[in-house]
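Residue-level structure breakdown
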Amino acid sequence: MSGAGVLGETDRIARLFGLIAVRAGEAIMRVRATASDPQYKSDGSPVTAADLQADEVIRSCLARNLADLPVITEETCDGAVTIRQPRFILVDPLDGTKEYIQGAAEFTVNIALIEDGSPVAGAVYAPALSQLYLGGSNAYKLHVEPSSCGPSFSDMQTIEVQVPSPEGLRAVTSRSHLDEATQAWISRRRIRELKPSGSSLKFCAIAEGAADVYPRLAPTMEWDTAAGHAVLLAAGGRVVGLDGDDVRYGKPAYRNGHFVAWGGHIGE
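The numbering scheme is per chain: residues are counted from 1 as the chain's sequence reads. Where local features are concerned, this predicted model is filtered to residues with pLDDT of at least 70; where side-chain atom pairs are given and counted, the filter is 80 or more; whole-chain, interface and lining totals use all residues. Values shown for side chains rest on all heavy atoms present in the structure; no hydrogens or waters enter the calculation.

**Notes on the overall build of the chain**
Scanning the chain from N- to C-terminus turns up 6 helices and 16 strands. For a compact globule the rule gives 2.2 Å times the number of residues to the power 0.38, and the radius of gyration it is set against comes from C-alpha atoms. Since a compact globule built from 268 residues should have a radius of gyration of about 18 Å, the 17 Å found for the chain is in line with a globular shape. Expressed as a percentage of its 268 residues, the buried residues of the chain come to 52%. In the chain, of all internal contacts separated by at least 6 residues, the share reaching a separation of at least 24 is 63%. As displayed, the chain has an accessible area near 11,900 Å², and 49% of this comes from carbon and sulfur atoms. Side chains of the chain give 25 positive and 33 negative charges; the mean places of these two sets differ by 2 Å. Only runs of H or I of at least four residues qualify as helices and only runs of E of at least two qualify as strands under DSSP, and these elements are numbered from the N terminus. Summary of the burial criterion: residues with accessible area below 20% of their type's maximum are buried, those above 50% are exposed, and those between are partly exposed, where the area comes from a 1.4 Å probe applied to protein chains only. Here, residues are in contact when the closest pair of their heavy atoms is within 4.5 Å. Here, Shrake-Rupley sampling with a 1.4 Å probe gives the accessible areas, and only protein chains in the shown set may cover a residue. Positive charges are assigned to Lys and Arg, negative charges to Asp and Glu, while His and the chain termini are left out of the count. A charged residue contributes its charge at one atom only: NZ of Lys, CZ of Arg, CG of Asp or CD of Glu.

Encoded structure:
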C-alpha cells in the first residue's frame, strides 16, 4: 500500500504521469477496437493512429500541467537538436508498436522526467494488461482498467528488486530485437530462466522482482527506456552501460548505447 504523509515532488509528478498515461491508454484502446493499417517512418519503424492519438493526449495534458518543462516525444522529435536543459520530459506514447500491430498485449505508454541526466520520475502503463507502474522516491504497481475513472492511488503496491538466486539469473530480452550480440552476452552468464518480453515491461519485470537482468545490445532511443528506467531505479535497480557507468539522458539525437538493466545485483 502507499505510504501516508506529504508527497515529494518526484512522487507527485510520477502520479501525474500515471494519470496522463492512463488517458493515453484509453485512446490507444479505442483506436485498437477499430484497427487500421500502420504507416512507416523513414527508418522503417511502424507508426499507427494509436501512436499519434496517444501522443496528442499526452502533449496536451503536459502543456496544461507542466508547461514550463520541454517535452520530447518519439512522434514529434526529429532528432536534429538535443535539449540542453537540466530538466525535460521524455515520452514514448506507444512503446511496442510491433506487438500492438500483431495483436499482443505487451505495449506501453511511457512518460519520464529527466533531471541532470537521470530519470527521477516515471510512469509505465500497459493498457491491454491494466497495469500501471510508477517510479519516484519509491516504485509502485497498481491495477487500472483503461475504461476506469483513473488510478486509485490508495491501492498501490510497493515493488522492489530481488537478490538473484545462487542457481542463476532470470533474464528478460526483447521479443522483437534479440540480436546476436545480446545472445552472446547471455551465453556467457549463468542464466536459469530466459523470457522474451515486449516494450518497457522488461524494466518493470525486474523492478517487481520477477526478473533479474535485461541486456540490450541493440539500438534504442531514450524515450524507449526513460520511464522504465525511472521505475527500476525507484525499486532499487540500476541501468548501466557496458563500461559499468549509469546510463544518462540528453545524449546526442537521444540515442542510447548498449546497456544492461540489473535488479538486486550488478554482474560482471
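**Structural notes on helix 6 (residues 222-234)**
Multiply 1.5 Å by the residue count of a helix minus one, and that product is the helix's expected span. Here helix 6 is 13 residues long and its end C-alpha atoms lie 18 Å apart, about the 18 Å a rise of 1.5 Å per residue gives. Taken as a whole, helix 6 carries its principal kink of about 25° at Gly 228. Most of helix 6 is tucked away, with 12 of its 13 residues classed as buried. Along helix 6, the residues that are buried comprise Glu 222, Trp 223, Asp 224, Thr 225, Ala 226, Ala 227, Gly 228, His 229, Ala 230, Val 231, Leu 232 and Ala 234. Phi for Gly 236, located one or two positions after helix 6, is positive at around 105°. We define the bend at each residue as the angle formed by axes fitted to the 7 residues ending at it and the 7 residues starting at it.

**Details of the sheet that holds strand 9 (residues 157-159)**
One open sheet accounts for 7 strands, arranged 3-4-5-6-7-8-9; its pairing is mixed. Only two strands of the sheet have a single partner each, and these edge strands are strand 3 (71-73) and strand 9. The mean inter-strand angle of the sheet, taken between neighbouring strand axes irrespective of direction, is 20°. The rule for pairing is simple: two strands pair if DSSP sees at least two bridges between them. Pairing analysis gives 3 bridges linking strand 8 (residues 139-143) to strand 9, with the strands arranged antiparallel. When the sheet's bridge partners are listed, Tyr 140 is paired in strand 9 with Thr 158. Each axis is a line fitted through C-alpha atoms, and for a helix only the stretch in contact is used; angles between axes span 0 to 180 degrees, taken between their N-to-C directions. Contacting strand 4 (87-95), strand 5 (108-115), strand 6 (118-126) and strand 7 (131-135), helix 1 (residues 9-32) crosses the sheet at an angle of about 30° to strand 6. Where helix 6 meets the sheet, its contacts fall on strand 3, strand 4, strand 5, strand 6, strand 7, strand 8 and strand 9, and the angle it forms with strand 6 comes to roughly 100°.

**Description of the packing of helix 1 against helix 2 (residues 49-65)**
Contact geometry of helix 1 with helix 2 gives a least axis separation of 8 Å together with a crossing angle of 150°. With respect to helix 2, the element helix 1 is oriented roughly antiparallel. Between helix 1 and helix 2 lies a crossing whose hand is right-handed. Where helix 1 approaches helix 2, its residues Leu 16, Phe 17, Ile 20, Arg 23, Ala 24, Ala 27, Ile 28 and Val 31 are matched on the opposing element by Ala 49, Ala 50, Gln 53, Ala 54, Val 57, Ile 58, Cys 61, Leu 62, Arg 64 and Asn 65. For this scheme, ten residues count as nonpolar: Ala, Val, Leu, Ile, Met, Phe, Trp, Tyr, Cys and Pro. Four count as charged, namely Asp, Glu, Lys and Arg, and the remainder, Gly too, count as polar. Among the residues making up the contact of helix 1 with helix 2, the classes are represented as 14 nonpolar, 2 polar and 2 charged. Reported orientations rely on four angle classes, namely roughly parallel under 35 degrees, roughly antiparallel over 145, roughly perpendicular from 65 to 115, and oblique for the rest. Two helices that cross are described as forming a left-handed crossing if the nearer one is turned anticlockwise from the farther one by less than a right angle, and a right-handed crossing if clockwise.

**Details of the packing of aromatic side chains**
Aromatic rings from Phe, Tyr and Trp, with only the six-membered ring used for Trp, were paired whenever their centres fell within 6.5 Å, and each pair was classed as stacked if the ring planes differed by under 30 degrees, edge-to-face if by over 60, and tilted otherwise. Per the stated rule, a full pass over the model turns up 7 aromatic pairs. Plain terms: the ring middles of Tyr 100 and Phe 107 are 5.2 Å apart, the flat faces sit at 90° to each other, and that makes the pair edge-to-face. A single burial state applies to Tyr 100 and to Phe 107, both of which are buried. By way of ring pairs, the aromatic residues Phe 88, Trp 223 and Tyr 254 are connected into one cluster. Only Lys NZ and Arg CZ are tested; either one counts as a charge over a ring when it is within 6 Å of the ring centre and within 35 degrees of the ring normal. Here the basic side chain of Arg 189 rests over the ring of Trp 185, its NZ or CZ set 3.9 Å away from the ring centre.

**Some remarks on the environment of Asn 138**
You can see Asn 138 is positioned in the loop between strand 7 and strand 8. With a relative accessible area of 35%, Asn 138 lands in the partly exposed category. When the C-alpha positions of Asn 138 and Ser 60 are compared, they lie 27 Å apart, and in sequence the two are 78 residues distant. Other than its neighbours up to four places away in sequence, Asn 138 contacts Asp 11 and Ala 234.

**What to know about the pattern of salt bridges**
A side-chain nitrogen of Lys or Arg and a carboxyl oxygen of Asp or Glu constitute a salt bridge if their distance falls within 4 Å. Using the criterion set out here, one finds 7 salt bridges in the structure. A salt bridge links Arg 87 to Glu 115, with the nearest nitrogen and oxygen atoms 2.9 Å apart. You can see Arg 87 sitting in strand 4 and its partner Glu 115 sitting in strand 5, a full 28 residues away along the chain. Residue class for Glu 115 comes out partly exposed when judged on its relative accessible area of 30%. Three or more residues joined by partner-sharing salt bridges are found here, namely Glu 9, Arg 87 and Glu 115.

**Examining the pairing of strand 12 (residues 213-216)**
Of the two faces of strand 12, the one carrying Val 213 and Pro 215 and the one carrying Tyr 214 and Arg 216 are both buried. Bridge analysis of strand 12 against strand 16 (residues 259-262) gives 4 bridges, and the strand direction is antiparallel. Across the sheet, Val 213 pairs through a bridge with Trp 262, a residue of strand 16.

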